[in-house]
Amino acid sequence: MDHVSLGRTGVKVSPLCLGAMNFGAWGNPDHDDSIRIIHRALDAGINFIDTADVYSHGESEEIVGKALADGRRDDVVLATKAHAPMGEDPNRRGNSRRWIVREVENSLRRLRTDYIDLYQIHRPDPDTHIDETLGALTDLIRDGKIRYAGCSTFPAHRIVEAHWVAEQRVRERFVTEQPPYSILTRGIEADVLPVAREYGMGVLPWSPLSGGWLSGKYRRGQDAPNTHRANFMPDRFDPSEPDNVRKLDAVEELARLAADSGITLVDLALAFVLSHPAVTAPIIGPRTMEQLESQLGAADIRLDAATLDRIDEVVPPGTTLNPADVGWTPPDLERKELRRRR
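Residues numbered from 1 in each chain as written. Predicted model: local features only at pLDDT ≥ 70, side-chain atom pairs only at ≥ 80, totals over all residues. Heavy atoms only, no water.

Looking at this structure, how should I read the overall build of the protein?
Scanning the protein from N- to C-terminus turns up 13 helices and ten strands. For 342 residues, the compact-globule formula gives about 20 Å, and the C-alpha radius of gyration of the protein, at 19 Å, lands near that figure. With respect to the principal axes defined by its C-alpha atoms, the protein has extents near 60 × 55 × 40 Å. By the burial criterion, 55% of the 342 residues in the protein qualify as buried. Summarising the internal contacts of the protein: among those between residues at least 6 apart in sequence, 79% fall at separations of at least 24. Taking the average location of the 43 positive side-chain charges in the protein and that of its 53 negative ones, the two points are 4 Å from each other. (Helix = DSSP H or I, 4+ residues; strand = E, 2+ residues; numbered from the N terminus. Rg over C-alpha atoms; globule rule 2.2 N^0.38 Å. Buried < 20%, exposed > 50% of the residue type's maximum accessible area, 1.4 Å probe, protein only. Contact = heavy atoms within 4.5 Å. Lys, Arg positive; Asp, Glu negative; His and termini not counted. Charge placed at Lys NZ, Arg CZ, Asp CG, Glu CD.)

Following this line, the structure appears as structure tokens:
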């Protein structure tokens, strides 16, 4: 695979990033099989792996650590994330200095490494000022425990705020953003992607297959897959939900478009994400070797203007068919007391 620049860092990464969320109890509990999948991805030219502490409650990081323990670590750009709850203690979560400094050590141990290339804040934390978070990340970079810091699923205004605070307070800045992006989830085209380009950030879209909706498994006349995510997030995957009916309608049209183009639906979905000039490397998240093999060739596919125009007709630019797919809901929408004067 050709390599691309990770924002303005000078680091070169493969145009596909191997996501490890499905390695462990959430997906593939067989460690040996998961390691074989990781090794196959590396042998195919992928040099970029993304995981998170919360994936299978640390098990994913442990599997990745095992896979890289055979001398492959230095050739891999290794990314992980922190923010989500890692226990009942209310301080074992969030974006505070107290938790970040503690949890990075846990991730280092699970990953069997003494440094993390890209340490990402998994979601915004309205209870923690961004300067607190950036200050902790800056110290970790200066201590050599992480090389760069990034954010994930941050709205555009919070990305801008983080860059402003970094400049004003002389902090290390976020060099990447990891947003949800697929043909069915295009909301970030309106603001996040332009902001990322403005600040020279690498963009690592998660769920480019829209949680499997663009894998070919969700079709009319077929039973919906019974997966961990489907059971955990029925609002995103229950095919009877009205917003998901819209997704299924779009999938049927996109499947026909892919067939007319002589490629698979998976190839169409990944090539679409790769076609955006702000995107660095979409994150693929295979659970099986078969799924990995079906995605590896997408990096070599270029969609012509007519195909991209047709996709725009099926799902207009900036449109997210199911709001539940955006990955993060601002607390002002979730908590009534923030919207009502007392």
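Back to the text.
Looking at this structure, how should I read the pairing of strand β8 (residues 174–178)?
In the case of a regular strand, side chains alternate between the two sheet surfaces. In terms of residue burial, β8 counts as a mostly covered element, since five of its five residues are buried. Sheet analysis places strand β7 (residues 146–152) next to β8, joined by four bridges and oriented parallel. By the bridge assignment, A149 is partnered in β8 with F174. Taking the sense of rotation as the criterion, the β-α-β connection linking β7, helix α5 (residues 156–169) and β8 turns out right-handed. Between the parallel elements β8 and strand β9 (residues 202–203), the chain passes through helix α6 (residues 192–198) in a crossover that is right-handed. (Pairing = 2+ DSSP bridges. Right-handed = clockwise from strand over helix to strand, strands pointing away.)

Help me understand the layout of surface pockets in this model?
Left-over empty space is what a probe sized like a water molecule reveals as it rolls over the atoms. When its volume is computed, the second largest pocket comes out at roughly 390 Å³. Grouping the constituent residues of the lining of the second largest pocket by class yields twelve nonpolar, five polar and two charged. (1 Å grid on protein atoms, 1.4 Å probe; cavity = no way out; pocket = protein on both sides within 12 Å on 5 of 7 lines; lining within 4 Å. Points joined across faces, edges and corners; volume = space filled by probe spheres on them. Nonpolar A, V, L, I, M, F, W, Y, C, P; charged D, E, K, R; others polar.)

What should I look at first to understand the packing of helix α1 (residues 31–43) against helix α2 (residues 59–67) in this one?
Working note: a packed helix pair is described by the angle between its axes plus the distance between those axes. Taken N-terminus to C-terminus, the directions of α1 and α2 make an angle of 60°; their axes are 9 Å apart at the nearest point. Here α2 runs oblique to α1, going by the angle between their axes. As α1 packs across α2, the resulting crossing turns out to be right-handed. Touching H31, S34, I35, I38 and H39 of α1 are E59, I63, V64, K66 and A67, all from α2. Partitioned by chemical class, the residues of the contact of α1 with α2 number five nonpolar, three polar and two charged. (Axes fitted to C-alpha atoms, helices over the stretch in contact; angles between N-to-C directions. Parallel < 35°, antiparallel > 145°, perpendicular 65-115°, else oblique. Left-handed = near helix turned anticlockwise from the far one by under 90°.)

Looking at this structure, I do not really get the sheet that holds strand β5 (residues 77–82). What am I missing?
In sheet architecture, strand pairing relies on hydrogen bonds along the backbone and comes in two forms, parallel and antiparallel. Taken together, the eight strands give an open sheet; going across it, the order is β9-β8-β7-β6-β5-β4-β3-β10, and neighbouring strands pair in parallel fashion. With one partner strand each, in any of the chains shown, β9 and β10 (283–284) form the two edges of the open sheet. Strand direction decides the pairing type here: β8 and β9, joined by two bridges, are parallel. Bridge pairing in β9 links T176 to G202.

It is not clear to me how empty space enclosed by the protein should be interpreted in this structure. Could you clarify?
According to the stated counting rule, one finds one cavity of 30 Å³ or more in the structure shown. Taken as a whole, the largest cavity encloses approximately 40 Å³ of empty space. Lining the largest cavity, in full, are P180, Y181, T185, W206, S207, S210, R236 and D325. Classifying every residue of the lining of the largest cavity gives three nonpolar, three polar and two charged.

Help me out: how do you make sense of the environment of R236 in this one?
Here R236 shows up in helix α8 (residues 234–237). The buried category is assigned to R236, whose relative accessible area is 8%. Counting along the chain gives 101 residues from R236 to G135, while the straight-line C-alpha distance between them is 35 Å.

Help me out: how do you make sense of the environment of L137 in this one?
Within the secondary structure, L137 is located in helix α4 (residues 130–142). Accessibility expressed as a relative area gives 0% for L137, which makes it buried. Residues L137 and R171 lie 34 residues apart in sequence; the distance between their C-alpha atoms is 8.4 Å. Non-local contacts of L137, meaning those with residues more than four positions away in its chain, are made with I100, Y119, I121, I146, A149 and F174.

What is the right way to read the pattern of salt bridges from this model?
Charged atoms that come close allow side chains of opposite charge to pair. Using the criterion set out here, one finds 22 salt bridges in the structure. Between D131 and R169 there is a salt bridge, with its nearest N and O atoms 3.3 Å apart. Separated by 38 residues along the polypeptide, D131 in helix α4 and R169 in helix α5 bring together distant segments of the chain. Overall, D131 belongs to the buried group, its relative accessible area being 15%. Exposure remark for R169: the relative accessible area of 48% places this residue in the partly exposed category. Where salt bridges share partners, they join D43, D70 and R72 into one cluster. (Salt bridge = Lys/Arg side-chain N within 4 Å of Asp/Glu carboxyl O.)

Got a minute to help me understand helix α10 (residues 265–275) in this structure?
Working note: α-helix, 3.6 residues per turn, so residues spaced by three or four point in the same direction. With ten of eleven residues buried, α10 lies mostly within the body of the structure. All of the buried residues along α10 are L265, V266, D267, L268, A269, L270, A271, F272, V273 and L274. Where α10 is buried, its residues meet α9 (242–261), β10, α11 (289–296) and α12 (305–314).

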